[in-house]
Amino acid sequence: QVQLAESGGGLVQAGASLRLSCAASGFNFNSRAMAWLRQAPGKEREFVAFISVSGANILYTDSVKGRFTISRDNVMNTVYLQMNSLKPDDTAVYFCARKDSVSRSFERVSAYDYWGQGTQVTVSS
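Residues numbered from 1 in each chain as written. Predicted model: local features only at pLDDT ≥ 70, side-chain atom pairs only at ≥ 80, totals over all residues. Heavy atoms only, no water.

1. Examining the nonpolar core
- Grouped together as the largest cluster of nonpolar side chains are 28 residues, with contacts concentrated most on Trp36, Val79, Leu81, Met83 and Tyr94.
- At the level of secondary structure, the elements contributing two or more residues to this core comprise strand 3 (18-25), strand 4 (34-39), strand 5 (46-51), strand 7 (68-73), strand 8 (78-83), strand 9 (92-99) and strand 11 (119-124).
- The element that contributes the greatest number of residues to this core is strand 3, accounting for four residues.
- Beyond its immediate stretch of four places on either side in the chain, valine 79 contacts Leu20, Ser21, Cys22, Phe29, Met34, Trp36, Ile51, Ile70, Ser71, Arg72 and Cys96.
- Listed in part, the eight residues of the second largest apolar core include Ala35, Phe47, Phe50 and Tyr112. (Core = buried A, V, L, I, M, F, W, Y, C linked by side-chain atoms within 4.5 Å. Buried < 20%, exposed > 50% of the residue type's maximum accessible area, 1.4 Å probe, protein only. Helix = DSSP H or I, 4+ residues; strand = E, 2+ residues; numbered from the N terminus. Contact = heavy atoms within 4.5 Å.)

Written out as structure tokens, the structure reads:
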């Protein structure tokens, strides 16, 4: 079955960096776009970053542009999120998600058909 396992979260101070990883299994990783989304306490889940199958197309939400970098390794079946210059507003549970094969949208939560369990990122001021 499809499995997505995130790791790399933690508690850091503002300005620090973290690298999240998501190990995928149970499907042909080379055939699906992937993304990171996050959910802060009391807020709806929101799109953070998207990467196409080849990695040629990458998109970010405005609030993380220039600070976060999404990448993937199609040999290791892993997608990464490098997060630099972290801010308290980045505090959230971060989820790795597999893009479905139908939706044109990449920002909608509904465009993703499988999710990991999430990893907590807490940024203190």
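2. Section: the pattern of salt bridges
- Tallied over the entire structure, the rule returns seven salt bridges.
- As a salt-bridge pair, lysine 99 and aspartate 100 come within 3.1 Å of each other at their nearest N and O atoms. Each member of the pair, lysine 99 as well as aspartate 100, is classed as buried.
- Counted as one network, the salt bridges with shared partners bring together Arg38, Glu46, Arg67 and Asp90. (Salt bridge = Lys/Arg side-chain N within 4 Å of Asp/Glu carboxyl O.)

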